[in-house]
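# Descriptive analysis of the structure
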Amino acid sequence: MLDRPEPMIRRVALTAVLTVGLVGLLGAPRGAASAATAQAEGGCEVSRPATCSLSELAALVPLRIGSTAEAEEVVDGPYADTLAREFSSLTPENALKWYSTQPNPGEWRFEAADAVVGFAREYGMQVRGHTLLWAQDTYTPTWVSSIDNAAELNAAVETQIRTVVGRYAGSVARWDVVNEPLSTLGTGPSDSVFWSVLGPDWIADAFRLAHELDPTAELWLNEIGSDWVPGKHQALLDLVSGLIDQGVPIHGVGIQGHRLNSQPVDGVALAAQMREFTDLGLSVAITELDVATDPSDPDGFTAQAGVYRSMFEACLAVAGCEEVTMWGLTDASTWLDSIGIVPAPTRPLLFDEQFMAKPAYWAVHGLLAQQVAPPTSSTTSTPQPAPNPPAPPTLMPAAPVPAVPRFTG
Ligand code: G3I
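Residues numbered from 1 in each chain as written. Predicted model: local features only at pLDDT ≥ 70, side-chain atom pairs only at ≥ 80, totals over all residues. Heavy atoms only, no water.

## Concerning the state of the cysteines
Convention followed: Sulfur atoms of two cysteines make up a disulfide when they are within 2.5 Å. Throughout, exposure labels follow a simple rule: accessible area from a 1.4 Å probe, protein chains only, divided by the maximum for the residue type, with under 20% read as buried, over 50% as exposed, and the rest as partly exposed.
Applying the stated criterion across every chain yields a total of two disulfides. The disulfide bridge from Cys315 ends at Cys321, spanning 2.0 Å between sulfur atoms. Its S-S torsion of about -105° marks the bond between Cys315 and Cys321 as left-handed, since a negative value means left-handed. Given a relative accessible area of 0%, Cys315 falls into the buried group.

As structure tokens, this is what we get:
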């Protein structure tokens, strides 16, 4: 396996090569234009894809490919090495959530988020700030979800957003301003104090405030199950269209990719859903991708590899799909093993417990390599997702501002 890259210098060099390579070729698969002569600073030669990491291949498409981390995972070791080598986007799994950053009024905790954001900065990874407001009372600090006065809750929300966005302005490329505003398994508003006390304008207000505090950050809305819960895609599309009609600064929609089993994915249908967002001028991303396997299935990794390939094919088939982020890196650490709905170990990720690449890794690696392979006479057009029968997974249901110094890395 490749060693951990040099920090920033490597990504700058690859970007430079990529920029030069992108000139001229038309009609090739989404990434082939770039790679005819592209060679990364670190030795990636697309004519020999095994010399390239996922992020090196993805950069040539271009596509961001992401993973998550907790503070304890970005200290020196195999997790950090694999993260820096293979991924270009990093989401703090929990460290930027309200219950982590301000568990009690005025009690600010940024050590964990600083560690993860600092690691991303050191290795030139873009940060997805997950998440300013999670519209589920279950995951909102009790001192917030117990507020029943609109003015008081507005003040708490404003202080939270001002403090967190202000601290990481310039260090977080894109924020999940709002996570899961719809019912997990339905189409109506989620069970959240933000809806019940603040009313329908709370989402627009949050986006406008975040934009005021960091105009350079992309502002995203992230949702779970919209690709398979009946009617939820349309409900999300209606919500987002309404924000756009109000002139709200929203830049992207994250479609969470959690698969609680390795049932085939209808990539054609998923790509069509993503296009309905990009047709509004938004970017889209598949966020939180993990694919649980059945521990009793000795061949589970084969089906899993097919699902990962289908999800990436769906994104690659959509011009405005900019990123696929996995919800974790190694099977040794996944939320899926603790929710008690699916048999553990679920082994849902690209790397096994010893950080060895699994068939799913090589399925994604091979697909990206195809995208950026030097053009030949037999080069086919951008692969379209195979029309698999849809099999929806059974997803489990997700003040004066204190003087807080800005994060400087
Ligand atoms: O850090 C504490 C630890 O000190 C304590 O001893 C332990 C036992 O109470 O809890 C630890 O915190 C846990 C945290 O994960 C870190 O492991 C929380 O209890 C636990 O609820 C939390 O679960 C996270 C969950 O979101 C809720 O925040 C999962 O790791 C995380 O993968 C999951 O991710 C969500 C996305 O943010 C949104 N989309 C759905 C996705 C899955 O639920």
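## Thoughts on the packing of aromatic side chains
Put simply, the test is: When two rings of Phe, Tyr or Trp (its six-membered ring) have centres within 6.5 Å they constitute a pair, described as stacked for plane angles under 30 degrees, edge-to-face for angles over 60, and tilted for the intermediate range. Secondary structure elements follow DSSP: runs of H or I no shorter than four residues count as helices, runs of E no shorter than two count as strands, and numbering proceeds from the N terminus. Should the NZ of a Lys or the CZ of an Arg lie within 6 Å of a ring centre and within 35 degrees of the ring normal, that charge is described as sitting over the ring.
One pass over the full model with this rule turns up eleven aromatic pairs. Considering the side-chain rings of Trp98 and Trp143, the 6.0 Å spacing of their centres and the 75° angle between planes classify their relative orientation as edge-to-face. Of the two residues, Trp98 sits in helix α5 (residues 98-101) while Trp143 sits in helix α7 (residues 142-145), which places them 45 residues apart along the sequence. Where Trp195 meets Trp202, the ring centres are 5.6 Å apart and the plane angle is 85°; that geometry is what we call edge-to-face. The burial state of Trp195 is the same as that of Trp202; both residues are buried. Through successive ring pairs, a cluster of aromatic residues spans Trp98, Trp143, Phe194, Trp195 and Trp202. A cation over an aromatic ring shows up here: Arg128 above the ring of Trp220, its NZ or CZ 4.5 Å from the ring centre. Above the face of the Phe301 ring, Lys358 is positioned so that its terminal group lies 4.2 Å from the ring centre.

## Notes on empty space enclosed by the protein
Definition in use: Both cavities and pockets are sets of points on a 1 Å grid over the protein atoms alone; in a cavity a 1.4 Å probe fits but cannot get out, in a pocket the set is open with protein on both sides within 12 Å along at least five of seven lines, and lining residues sit with an atom within 4 Å of a point. Grid points are joined across faces, edges and corners, and a volume is the space filled by probe spheres set on the points. Asp, Glu, Lys and Arg are counted as charged, while Ala, Val, Leu, Ile, Met, Phe, Trp, Tyr, Cys and Pro are counted as nonpolar; the rest, among them Gly, fall into the polar class.
The calculated volume of the second largest cavity comes to roughly 50 Å³. Lining the second largest cavity, in full, are Lys97, Trp98, Thr131, Leu132, Leu133, Trp134, Tyr139, Thr140 and Phe194. At four residues, the largest contribution of residues to the lining of the second largest cavity is made by strand β3 (residues 126-134). Looking at the lining of the second largest cavity residue by residue, the class counts come to six nonpolar, two polar and one charged.

Shape is all these values report; function is a separate question.
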